[in-house]
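# Observations on the model geometry
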Amino acid sequence: MRRRLHLLCAAMSLVVGAGLLAAAGCADTEASFSSTAPDTLPDSEPIFDVRSVTLDARTRPDSSLLVRLRDLGVTHITLVSFGWQKAPDVPTIRADTGDGWYSESHHGIRTLARQADALGMGVILKPHLWVGGYDEKQDRSEIGFDSEADWAEWEANYRRFLMLYARLAAEVNADVLVLGTELTRAATERPDFWRTLASEVRTVYEGKLTYAANWHKAYKRIQFWEALDYVGVQAYFPLTDVNDPSLSTLREGWRPHQAALAEVHERTDRPILLTEVGYRSAVGAAAAPWMWPERDETAAPDSALQARCYRAFLSTVGRAPWLKGGIIWKWHPPSEVEGPTAFTPQGKPAETVLRRWFTASTSQGGT
């Protein structure tokens, strides 16, 4: 019975609004099926200001998609664009503004930015480097070189790539531009490059800047946060190895990570922006949130765990005064939704959790 009701509610949520879901008894499926008591809503303190989702669309999405996100309480859509690098030790970068999926192309980014603006939402532009082929390990964190000449060539190529998106960010009036994503070796070994790059970007773009550092120690080692507006963290922190953790266990799992983030905030005097935070709807999501579903094909679906993970995040770090925002990974047009263990919260109990917290923040004065 539970499974049938889960499937029914998931299917309905792709088509109808929250009001009809509530009337059908689906408004809080996760709370109903969880063995733990529902978390309380924010009262005197709204959660973070920037409530974003990464929008990933192969083809142009129907305009109703952004309406759905706005009604979810989303304040910004995050759009990922790519540069292409053959291998970590090859310094050339190919940039093609028409390449990739719709949400990755210049044309798609412009159109989606206009739609978002018309709905009162902002845009975050987040360039990535794609290394090698689709089936290869994405080891962008290992990009680096043994010679100064190769470093200089890569930095010149990366500057050209990033400045394309700095100008696009200015054109679409993006609120935030991410200077780089998970480039651990380059970011920790070449801090002066990033300071210079940030300065150059500010000559063409007036919005906020951040860098998306990996959660695994990398964000603590970045030396150029003072040149940016936010400390950016890819927040795939492991919470617990317990197979079916309770909400209290998940909250406790956030405790050391919250303390570490708070320390970096204090040291840098910069707000924290979680440039990615997400959980698969699968067993093991709390132990290894970073795991790609395609590389864990044996994992059993567990949408209730995904929802509890979001509840744990929103009710702990989500309430921290130093947290500027969080970017949920990720969201697709309904026709492109991936399998039952994928990251997307849409059509799952996690969507209800996000709606409850995001819209509560809006009603209490969040921006």
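The coordinates are above.
So, a few notes on the structure that sits alongside this text.

Quick look at the overall build of the chain now. Counting secondary structure elements, the chain contains twelve helices and eight strands. Going through the 367 residues of the chain one by one, you find that 58% of them count as buried. Put simply, the chain shows about 15,100 Å² of open surface, and 51% of that area lies on carbon and sulfur atoms.

Attention shifts here to the layout of surface pockets. Taken as a whole, the largest pocket holds about 1,100 Å³ of empty space. Q138, R140, E182, W292 and W329 are the residues nearest the centre of the largest pocket, which is lined by 38 residues in total. Contributing elements (two or more residues each) for the lining of the largest pocket: β1 (50–55), β2 (76–85), β3 (122–131) and β8 (323–331). The dominant element in the lining of the largest pocket, judged by the number of residues it contributes, is β2, at three residues. Of the residues contributing to the lining of the largest pocket, the split by class is 15 nonpolar, ten polar and 13 charged.

This part takes up the pattern of salt bridges. Counted by the stated rule, this structure contains 19 salt bridges. D49 is the partner of K324 in a salt bridge, and the nearest nitrogen-oxygen pair spans 3.5 Å. Of the two residues, K324 is situated in strand β8 and D49 in the loop between α3 (29–33) and β1; the sequence distance between them amounts to 275 residues. Residue D49 is classed as partly exposed on the basis of its relative accessible area of 28%. A salt bridge links E200 to R159; its shortest N-O distance comes to 3.1 Å. With E200 in helix α8 (residues 191–201) and R159 in helix α6 (residues 148–171), this residue pair connects regions lying 41 residues apart in the sequence. One salt-bridge network, in which partners are shared between bridges, spans R68, E351 and R355.

Another point: α6. For α6, which comprises 24 residues, the first-to-last C-alpha distance of 34 Å matches the rise-based estimate of 34 Å (1.5 Å per residue) to within 8%. Where α6 is concerned, the buried positions are W151, W154, E155, N157, Y158, F161, L162, M163, Y165, A166, L168 and A169. N173 occupies a position one or two residues after α6 and carries a positive phi of about 60 degrees.

Here we come to the packing of α6 against α8. It is the contact of α6 with α8, at a shortest axis distance of 11 Å, that shows an interaxial angle of 30 degrees. Taken together, the axes of α6 and α8 lie roughly parallel to each other. For the pair α6 and α8, the crossing hand works out as right-handed. Residues W154, E155, Y158, R159, L162, M163 and A166 of α6 lie in contact with α8, whose contacting residues are F193, W194, T196, L197, E200 and V201.

Cut-offs and rules
Residues numbered from 1 in each chain as written. Predicted model: local features only at pLDDT ≥ 70, side-chain atom pairs only at ≥ 80, totals over all residues. Heavy atoms only, no water. Helix = DSSP H or I, 4+ residues; strand = E, 2+ residues; numbered from the N terminus. Buried < 20%, exposed > 50% of the residue type's maximum accessible area, 1.4 Å probe, protein only. Areas by Shrake-Rupley, 256 points an atom, 1.4 Å probe, with all protein chains shown as cover. 1 Å grid on protein atoms, 1.4 Å probe; cavity = no way out; pocket = protein on both sides within 12 Å on 5 of 7 lines; lining within 4 Å. Points joined across faces, edges and corners; volume = space filled by probe spheres on them. Nonpolar A, V, L, I, M, F, W, Y, C, P; charged D, E, K, R; others polar. Salt bridge = Lys/Arg side-chain N within 4 Å of Asp/Glu carboxyl O. Expected span 1.5 Å × (residues − 1). Axes fitted to C-alpha atoms, helices over the stretch in contact; angles between N-to-C directions. Parallel < 35°, antiparallel > 145°, perpendicular 65-115°, else oblique. Left-handed = near helix turned anticlockwise from the far one by under 90°. Contact = heavy atoms within 4.5 Å.

Distances and angles like these do not, on their own, reveal function.
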